[in-house]
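Observations on the model geometry
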Amino acid sequence: MNYWLFKSEPETFSIDHLMQTPKQTEPWDGIRNYQVRNLLRDQIQLGDQAFFYHSNCTPPGIVGIMEIVKTAYPDLSARNPASAYYDPKATSDNPRWYTVDVHFLKKFPRIITLQEIKQHPALQNMPLARKGNRLSITPITQEEWQILLTRIPDKLNAISVMPA
DNA sequence: GCCAACGTTGGC
DNA sequence: GCCAACGTTGGC
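Structure report, in brief. (Residues numbered from 1 in each chain as written. Chains lettered and ligands numbered in written order. Predicted model: local features only at pLDDT ≥ 70, side-chain atom pairs only at ≥ 80, totals over all residues. Heavy atoms only, no water.)

**Considerations on the nonpolar core**
- Grouped together as the largest cluster of nonpolar side chains are 21 residues, with contacts concentrated most on Phe-6, Trp-28, Phe-52, Met-66, Val-102 and Ile-137.
- Taken together, the elements giving at least two residues each to this core come down to strand S1 (3-8), helix H1 (15-20), helix H2 (34-43), strand S3 (49-54), strand S4 (61-74) and strand S5 (98-113).
- Judged by nonpolar contacts, the second largest core, of 19 residues, contains Phe-51, Ile-65, Leu-114 and Leu-123. (Core = buried A, V, L, I, M, F, W, Y, C linked by side-chain atoms within 4.5 Å. Buried < 20%, exposed > 50% of the residue type's maximum accessible area, 1.4 Å probe, protein only. Helix = DSSP H or I, 4+ residues; strand = E, 2+ residues; numbered from the N terminus.)

See below:
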């Protein structure tokens, strides 16, 4: 199993949005960067887990965990002219862009802020800790995953918020 | 809103 | 294949 970090702007799609979908499962669509496309298509496996990161907000940080429940398939938003992610170069023969389905696992009782990540000596290799990283999906090592989880108080770590 | 750090595009 | 111009991301 692999670990990942998925970024999203909460104004566009937040962890609360994911929680509130009927099956708490959504396609992670709209990826329009080739490096990230390749990760989606070639590296991300069923059962992999991913941190949900809120970007371009105050404060930016990790807000919870998701699981990959469907591996790469063509991102149909690329072929929808009404979509903000429409790409006329995507065709049925060559979909060009891919998506995976993510399922909500848990929302943390507090945000693990970008500031904390930047301050932790063992997390300096994370792309997040470096300036100018713009990949919206990045791999996380098992060590980084464990360190980040221990930022959350143990008793609260297991909290999984169910839909209303 | 600013702007640094990228990624992408397209002329040549 | 180079690279300038342009677009986007995302922290601040």
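Further notes follow.
**Comments concerning the side chain of Thr-138**
- On the secondary structure map, Thr-138 appears in strand S6 (residues 137-140).
- Of the residues examined, Thr-138 reaches a relative accessible area of 5% and is grouped as buried.
- Not counting the four nearest positions on each side in its chain, Thr-138 is found in contact with Trp-4, Leu-5, Pro-127 and Asn-133. (Contact = heavy atoms within 4.5 Å.)

**Looking at the packing of aromatic side chains**
- If you walk through the whole model with that rule in mind, you get eight aromatic pairs.
- Ring geometry for Tyr-3 against Trp-145: centres 4.2 Å apart, planes inclined by 25°, an arrangement best described as stacked. One end of the pair, Tyr-3, is in strand S1; the other, Trp-145, is in helix H4 (residues 142-149), with 142 residues separating them in the sequence. Residues Tyr-3 and Trp-145 agree in their burial class; the two are buried.
- Centre to centre, the rings of Phe-13 and Phe-52 are 6.2 Å apart; their planes meet at 25°, and the pair counts as stacked. (Phe/Tyr/Trp six-rings, centres within 6.5 Å; stacked < 30°, edge-to-face > 60°.)

**Description of the sheet that holds strand S2 (residues 25-27)**
- Across the sheet, six strands lie side by side as S2-S5-S4-S3-S1-S6; this open sheet has mixed pairing. Lying at the two open borders of the sheet, with one neighbouring strand each, are S2 and S6. Between one strand axis and the next, the sheet turns through 35° on average, direction left out of account.
- Both S1 and S3 contribute to a ladder of six bridges, which runs parallel. Bridged to Tyr-3 within S3 is Gln-49.
- Packed on one face of the sheet, H4 meets S1, S3, S4, S5 and S6 and runs near 55° to S3. (Pairing = 2+ DSSP bridges. Axes fitted to C-alpha atoms, helices over the stretch in contact; angles between N-to-C directions.)

**Quick notes on the pairing of S3**
- Taken across its six residues, S3 has six buried, putting it largely inside the fold.
- Of the strand pairs in this sheet, S3 and S4 are connected by six bridges, and their pairing is antiparallel. Looking across to S4, one finds that Tyr-53 is bridged to Ile-62.
- The turn joining S3 and S4, which pair antiparallel and follow one another in sequence, is formed by six residues; a positive phi near 55° is taken by Asn-56.

**A look at H2**
- Looking at H2, one finds that the buried residues are Val-36, Arg-37, Leu-39 and Leu-40. In a view along the axis of H2, the buried residues occupy a sector of 160°, so they form one face of it.
- Each element contacted by the buried residues of H2 is listed here: S1, S4, S5 and S6.
- Sitting at the amino-terminal end of H2 is Asn-33, which places a side-chain oxygen 3.0 Å from the backbone nitrogen of Gln-35. (Arc of directions from axis to C-beta. Polar contact = N/O pair within 3.5 Å; in protein donor to acceptor, adjacent residues only side chain to side chain.)

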